[in-house]
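Results of the structural survey
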Amino acid sequence: MRALIVVDVQNDFCPGGALAVAGGDEIVDPINALMAGYDAVILTQDWHPEGHSSFASEHPGKAPFEMIEMPYGPQVLWPDHCVQGSEGGKFHDWLNTTRADMIIRKGFRPGIDSYSAFFENDHETATGLEGYLRDRGISDLHLVGLATDFCVAYSAEDAARLGFQVTVLTELCRAIDLDGSLAAATGRMQAAGVTLK
Ligand code: VGL
Ligand code: ZN
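Residues numbered from 1 in each chain as written. Chains lettered and ligands numbered in written order. Predicted model: local features only at pLDDT ≥ 70, side-chain atom pairs only at ≥ 80, totals over all residues. Heavy atoms only, no water.

**Details of the environment of Arg188**
Which entries qualify depends on this criterion: Numbering of helices and strands starts at the N terminus; helices are DSSP runs of H or I of at least 4 residues and strands are runs of E of at least 2. Here, residues are in contact when the closest pair of their heavy atoms is within 4.5 Å.
By secondary structure assignment, the location of Arg188 is in helix H4 (residues 181-191). Note: C-alpha distance between Arg188 and Asp149 (39 residues apart in sequence) is 10.0 Å. Excluding residues within four positions of it along the chain, Arg188 makes contact with Ala153, Tyr154 and Glu157.

Right under this line is the structure:
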């Protein structure tokens, strides 16, 4: 059984959004067109409370895209984005959400960020997606969405480590590419056994 996992295709990651990824909206229609070919379609949604600890605005003297040390390790600081209930947190209008079997939200704990759809950034706190996929007998995952070098890459690496067959369809992803983060993420995905197509 094969699932399509559509990562964070939300207004704030598309042009005009708070953490816009260049070309983020170009991938929406082609993603919709793929959905019919899978046994399951799962959407992820970045879903932060106001004042989330990954927001630079919570750290006096810090600017977006600077790094800080959190109890669970280094963390990039972001502009406020994907706040629960905001326009920016909604899925892009063109995204076919009707076809989705499951929507998994992440990043809702105030003190910890969550790039991966499987584990938060402490690499310990599970989101529940692994159990859902296993209960449905799904072994193969195809990932698309935003952003290649953060939420897509961390999700793909975790999935591969958990034993799923993982393919990232790179033409249906777009990257933030912060200080070489795309090259680094690509190397990590390959090392984890993710197929990049
Ligand atoms: C993401 C940065 C912060 C992503 C989410 O979806 O890649 N990036 N929150
Ligand atoms: Zn986020």
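Once the structure has been displayed, the description carries forward.
**Here we look at the coordination of the zinc ion (ligand 2)**
Ideal values differ by geometry: the angle at a metal is 109.5 degrees with four tetrahedral donors, but 90 or 180 degrees with six octahedral donors. Going by this rule: Keep in mind that water is not among the atoms, so a site may look incomplete; donors are the N, O and S atoms within 2.8 Å of the metal, or 3.2 Å for Na, K and Ca. Only protein chains enter the accessibility calculation, which uses a 1.4 Å probe. A residue is then buried if its area is under 20% of the maximum for its type, exposed if over 50%, and partly exposed in between.
Around the zinc ion (ligand 2), the protein supplies Asp46 (OD), His48 (NE2) and His81 (NE2) as donor atoms, at distances of 2.0 to 2.2 Å. Here the donor residues of the zinc ion (ligand 2) are spaced in sequence according to D-x1-H-x32-H. For Asp46, a relative accessible area of 3% translates into the label buried. The exposure class of His48 is buried, given its relative accessible area of 0%.

**A word on the sheet that holds strand S2 (residues 40-46)**
Formally: In this description, strands pair whenever DSSP reports at least two bridges between them. Lines are fitted to the C-alpha atoms to define the axes, a helix being fitted only along its stretch in contact, and any angle between axes, read from their N-to-C directions, falls within 0 to 180 degrees.
Taken together, six strands build an open sheet; the order of strands is S5-S2-S1-S6-S7-S8 and the sheet is parallel. Only two strands of the sheet have a single partner each, and these edge strands are strand S5 (102-106) and strand S8 (195-196). In this structure, S2 lies alongside S5, joined through five bridges in parallel fashion. What sits directly across from Thr44, in S5, is Ile104. Docked against the sheet, helix H3 (residues 148-161) engages strand S1 (2-7), S5, strand S6 (140-146) and strand S7 (165-174), running at close to 165 degrees with respect to S6.

**What about the pattern of salt bridges?**
So the rule is basically this: Between Lys or Arg on one side and Asp or Glu on the other, a salt bridge is scored when a side-chain nitrogen of the former is within 4 Å of a carboxyl oxygen of the latter.
Under the counting rule described, the total for this entry stands at 12 salt bridges. Where Arg161 meets Asp158, a salt bridge forms, and the shortest distance between an N and an O atom there is 3.0 Å. Placement of the pair is Arg161 and Asp158 together in helix H3, with a separation of three residues, close to one helical turn. A single salt-bridge network, built from bridges that share partners, covers Glu157, Asp158, Arg161 and Arg188.

**Some words on empty space enclosed by the protein**
Rolled over the atoms, a probe with the dimensions of a water molecule shows which regions are left empty. Spelled out, the test is: A cavity, in this analysis, means grid points on a 1 Å lattice covering only the protein atoms where a 1.4 Å probe fits yet has no way out; a pocket is instead an open set bounded by protein on both sides within 12 Å along at least five of seven lines, and a residue lines either one if it has an atom within 4 Å of a point. Grid points are joined across faces, edges and corners, and a volume is the space filled by probe spheres set on the points. The nonpolar class holds Ala, Val, Leu, Ile, Met, Phe, Trp, Tyr, Cys and Pro. Asp, Glu, Lys and Arg form the charged class, and all remaining residues, Gly among them, are polar.
Within the structure shown, the criterion is met by one cavity of 30 Å³ or more. Roughly 100 Å³ of internal volume is contained in the largest cavity. Residues of the lining of the largest cavity, tallied by class, amount to nine nonpolar, three polar and three charged.

**As for the nonpolar core**
Operational definition: Joining through side-chain atoms within 4.5 Å is the link that ties buried Ala, Val, Leu, Ile, Met, Phe, Trp, Tyr and Cys residues into a set, and such a set is a nonpolar core.
In this structure, Val6 and Leu141 are the most contacted members of the largest nonpolar core, which totals 56 residues. The dominant element in this core, judged by the number of residues it contributes, is H3, at seven residues. In terms of nonpolar packing, the next biggest core, distinct from the first, is built from six residues, Ile68, Met70, Leu77 and Ile112 among them.

**Here we look at the site of ligand 1**
Where we set the bar: A molecule or strand has a residue near it when one of that residue's heavy atoms lies within 4 Å. Polar contact is defined as a pair of N or O atoms within 3.5 Å, subject to the rule that within protein one atom must be able to donate a hydrogen and the other to accept it, and that residues adjacent in sequence are counted only when both atoms are side-chain atoms. Per-residue and other accessible areas follow the Shrake-Rupley method at a 1.4 Å probe size, with only the shown protein chains counted as cover for residues. More than half of a molecule's atoms lying within 2 Å of a cavity's or pocket's grid points is what places that molecule inside it.
For ligand 1, the full set of nearby residues is Asp8, Phe13, Leu19, Asp46, Trp78, His81, Leu146, Ala147, Phe150 and Cys151. Between ligand 1 and His81 there is a distance of 3.1 Å, counted from a nitrogen atom to a side-chain nitrogen or oxygen. With the chains in place, 100% of the 260 Å² that ligand 1 exposes on its own is no longer accessible. More than half of the atoms belonging to ligand 1 lie within 2 Å of the grid points that define the largest cavity. Within the shell around ligand 1, the residues separate by chemical class into seven nonpolar, one polar and two charged.

**Topic: the environment of Ala18**
Relative to the helices and strands, Ala18 is located in the loop between S1 and helix H1 (28-34). Linking Ala18 and Cys82, residues 64 residues apart in sequence, is a C-alpha distance of 8.2 Å. In this structure Ala18 touches Asp12, Pro79, Asp80 and His81, once residues within four positions along its chain are discounted.

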